[in-house]
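Chain by chain, the residues run as shown.
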Amino acid sequence: MCNELDLEWGEIAELEPEDEQSSSKLGMDTEREKTCEVLQEGPKATQVLTSPVSLAKKQNANCNEQLVITFTGDIETLQKNPAFQAAFLSMMQAVSGDTSLKIEKIEKGSIKITFSGSKEGLKRLEEQIKSGELTEVLGMPVEDVQLLPSSTTGEEQDKIRLVQEIIAQGASGRDLSDTNLSGVDLRGTNLSNADLSGADLSGADLRGANLEGADLNCADLSGANLRGADLNGVSLHDAVIDEATIISDKWRLLWKIVNQSSKARNLSGANLSGANLSGADLSGANLSGANLSGANLSGAYLIDAYLIDANLNDAIVENALFGENSELTEDIKRDLKRRGAIFEDLPGDRFRILIPYSG
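So, a few notes on the structure that sits alongside this text.

What counts as what
- What you see as residue numbers is a count from 1 along each chain, following the sequence as written.
- Where totals are concerned, whole chains, interfaces and linings use all residues; where local detail is concerned, this predicted model gives features only for residues with pLDDT of at least 70, and gives and counts side-chain atom pairs only at 80 or more.
- Just so you know, side-chain values use all the structure's heavy atoms and leave hydrogens and water out.
- Each helix is a run of H or I in the DSSP string that is no shorter than four residues. Each strand is a run of E no shorter than two, and both are numbered from the N terminus.
- Throughout, a contact is declared for two residues whenever any of their heavy atoms are within 4.5 Å.
- Being paired, for any two strands, means DSSP has found at least two bridges between them.
- For each residue, the accessible area found with a 1.4 Å probe, counting protein chains only, is set against the maximum for its type, and the residue is called buried under 20%, exposed over 50%, and partly exposed in between.

Time to look at the overall build of the protein. Broken down by element type, the protein carries 11 helices and 10 strands. Considering only residue pairs separated by 6 or more positions, the protein has 30% of its internal contacts joining residues 24 or more positions apart.

Written out as structure tokens, the structure is:
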């Protein structure tokens, strides 16, 4: 990269003596109070940094823009090598044409570096990365880039970085409980088995997202767009869904079943395949011809439910409570009992009814 820019290492950075470097944490905010001098050497001005990563306070006074660049590499090696950090920063200054550029923070997630600087300089960096002109810096490949608007607060910047991380890496099985993801674009992302309980997803774009097995209990989905999202096995207890929520009839029906009384509800012919109905009260419901294949009925109440021609193939029925289902054949009852179902009208099952389901 130095060859491409026609730069010599002496022109890239003037480093501190080694003992001074070891006492300063390059790239972080600990050196913000130091300023840089500009010395005149004949007709040419040379910038001498009092700290290899500190920059002129005056130059940076009005710089609120931030750019997050994710690199492939070993973060510990970078953090423990001040000289490398200084050379790295100087090269980024040269590439961006912005001498006010500085490193605000270095985080894990490969190596995630937040830069602050002028709007023009950061935009130039972003464009070079997105166009493929800048693919590596000092041997560290660039993975991703995200420009943070100057008006964003620290909390909003954290939110932007989190969304960027989810998009880049997915969040399968991740704990995102109580997270603010309102209004974000998560189209097509992998959120399978993620814990999103209590999360604010209001107005979020979740089209085509994989939410299979996700915990959405108490999540706010008002105004969210879930068109085409995979909601098989998703838990929707106490989730907020309103008229503005874009969701298929199948999953809106599931939300109603688990959050509203479904006793004696007419669910004849309903498609509830793959639905998470654990603990649902379906006693007396008309489920004739309903598709319950692969559904989670663990701990559900199905006393007096009408189940003629219902498809229960591969349904999870552990501790599901059946009884007075005269339309079920003895073979079907035996099969359901073998899979963990409880029949209150079968000898030997009554004592199990007293044991509450805790799944």
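Once the structure has been displayed, the description carries forward.
Take the sheet that holds strand S9 (residues 321-323) next. With parallel pairing, 3 strands are arranged side by side in an open sheet as S8-S9-S10. Two strands bound the open sheet, and with one partner strand each, they are strand S8 (301-303) and strand S10 (342-343). Bridge count between S9 and S10: 2 bridges; the pairing is parallel. In the strand pairing of S10, Leu-321 is matched with Ile-342.

A few words on unusual backbone geometry. We note that Asp-178 has phi near 60 degrees; this positive angle belongs to a residue other than glycine. Along the chain, Asp-178 falls in the loop between helix H8 (154-169) and helix H9 (249-259). Accessibility expressed as a relative area gives 61% for Asp-178, which makes it exposed. Of note in the backbone geometry, Glu-324 takes a positive phi value of approximately 60 degrees without being a glycine. Along the chain, Glu-324 falls in the loop between S9 and helix H10 (330-338).

So yeah, pure geometry; function would need other evidence.
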